[in-house]
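Spelled out from the first residue to the last, the chains are:
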Amino acid sequence: MPNDDGMSAQAIRLGDYEVHRAWEGFASIRQISSGEIMHSRTAPMEEARKLYVEQSYLAERLRKKPRNDEPLVIWDVGLGAGANAMAAIECYEKVSGARPLQLLSFENDLDSLRLALRQQPDFPYLRVDATTAILANGHWQSSIDAGLSWRLLPGDFLETMERAAAPDLIFYDMFSTKSSAHLWTLGAFRKLFVACAGRAVELFTYTCSTANRAALLAAGFHLARGRNAGEKIETTIAHTPAALRSSFARRREWLGSDWLVKWNRSAAKFPADVAPNERWAFEEIIRGHEQFRNSPPPKRLPSTT
Ligand SMILES: C[S@@+](CC[C@H](N)C(=O)[O-])C[C@H]1O[C@@H](n2cnc3c(N)ncnc32)[C@H](O)[C@@H]1O
């Protein structure tokens, strides 16, 4: 049946995805089964630039050439409709003389990208040449910049991550715990921590959930506050221990003992895979985390009596 703008309902749906129009005017992709919208309150590219590209200081990292010219590796976890991937490519193309960049995108259902490409005028950020190549061949090589390449790892991220080159940056943009609980578990983040292979890695994600942050901490990451996004007052930046030595670490706002106090009081402090009989040990890991050892005690509110 044609809708208001003359397109058939068929044309704006594909598999489990449909085009969603925000009242602010931009289009994004909605998963029909869960109702979750990718980049719901902010235009896809605005959020992609703000949360992932700018916070990771990607342009600055690309300007710093390592001696062996090895590529910077970004894991784009949850390719979806491609906004985060396009923002990384856009950033690369603006830096002259950048070091090589290898963008690795993980996705287990390409229908959202296919749909966005089919409706490309609604998703003007999508590069038709690159997206067509990634969908057809799982690979795109920039014809202008020899150092810029993009590869797709199709399938379940928890399995495909084992075959990927270790990352420098991770854009972790999975659906929420409501529909993808297993991707926010202690088990998932432990696996991810191992896949970082002792390297200096920073992970950027839109969540600020207490349980998700606790899962990242218990897996071995150190956490800083990320800037706000849409309705979320803050987001999260996770660092491997090796990343704490980088100059970028000095610019972060680290979670301190005030967060620990909040976590202690929280009714939702455990990730889904921590069984009741494992909770005590989990609490010990969080309370003993190196991140909080030198953290100043939380500020006390002045007494009113
Ligand atoms: C929030 S959307 C990503 C939005 C995307 N980053 C963008 O910029 O448009 C999450 C994506 O993760 C994918 N996904 C969910 N579970 C996955 C899994 N186990 N492995 C790989 N991809 C998964 C979904 O199909 C969906 O496309």
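Residues numbered from 1 in each chain as written. Predicted model: local features only at pLDDT ≥ 70, side-chain atom pairs only at ≥ 80, totals over all residues.

## A few points about the site of the ligand
For step 1, the next point in the chain: Not every one of the 21 residues close to the ligand is listed here, only the nearest: Gly 78, Gly 80, Ala 83, Phe 157 and Asp 173.
For step 2, the next point in the chain: Secondary structure elements with two or more residues in the shell around the ligand: α1 (44-54), α3 (83-94) and β5 (101-107).
For step 3, the next point in the chain: Within the shell around the ligand, the residues separate by chemical class into ten nonpolar, seven polar and four charged. (Near = placed C-beta within 6 Å. Helix = DSSP H or I, 4+ residues; strand = E, 2+ residues; numbered from the N terminus. Nonpolar A, V, L, I, M, F, W, Y, C, P; charged D, E, K, R; others polar.)

## Some words on the packing of α1 against α3
For step 1, the next point in the chain: Following both chains from N to C, one finds α1 and α3 inclined at 65°, their axes separated by 8 Å at the closest point. Between α1 and α3, the angle is such that the two are roughly perpendicular. Handedness of the α1/α3 crossing: right-handed. Between α1, through Pro 44, Met 45, Ala 48, Arg 49, Tyr 52 and Val 53, and α3, the contact on the second element is made entirely by Ala 83, Asn 84, Met 86, Ala 87, Ala 88 and Cys 91.
For step 2, the next point in the chain: Grouping the constituent residues of the contact of α1 with α3 by class yields ten nonpolar, one polar and one charged. (Axes fitted to C-alpha atoms, helices over the stretch in contact; angles between N-to-C directions. Parallel < 35°, antiparallel > 145°, perpendicular 65-115°, else oblique. Left-handed = near helix turned anticlockwise from the far one by under 90°. Contact = placed C-beta atoms within 7 Å.)

## Notes on the sheet that holds strand β3 (residues 27-31)
For step 1, the next point in the chain: Reading across from one edge, β1-β2-β3 is the order of the three strands in this open sheet, with antiparallel pairing throughout. Each edge of the sheet is formed by a strand with only one pairing partner; in this case those strands are β1 (13-14) and β3.
For step 2, the next point in the chain: Both strand β2 (residues 17-21) and β3 contribute to a ladder of five bridges, which runs antiparallel. In the strand pairing of β3, Arg 21 is matched with Ala 27. (Pairing = 2+ DSSP bridges.)

## Here's the deal with the environment of Pro 44
For step 1, the next point in the chain: Among the structural elements, Pro 44 can be located in helix α1.
For step 2, the next point in the chain: Given 25 C-beta atoms within 10 Å, Pro 44 falls into the buried group.
For step 3, the next point in the chain: Distance from Pro 44 to Ala 87, taken between C-alpha atoms, is 9.5 Å for residues 43 residues apart in sequence.
For step 4, the next point in the chain: Leaving out residues up to four positions away in the same chain, Pro 44 has contacts with Ser 28, Met 38, His 39, Ala 81, Ala 83 and Tyr 125. (Buried ≥ 20, exposed ≤ 12 C-beta atoms within 10 Å, placed from the backbone.)

## Describing unusual backbone geometry
For step 1, the next point in the chain: The phi torsion at Tyr 57 lies on the positive side, around 50°, for a residue other than glycine.
For step 2, the next point in the chain: Secondary-structure assignment places Tyr 57 in the loop between α1 and α2 (58-63).
For step 3, the next point in the chain: Non-glycine residue Ala 197 carries a positive phi angle of around 55°.
For step 4, the next point in the chain: Among the structural elements, Ala 197 can be located in the loop between α8 (186-195) and β9 (202-205).
For step 5, the next point in the chain: The class for Ala 197 is exposed, based on 12 C-beta atoms found within 10 Å.

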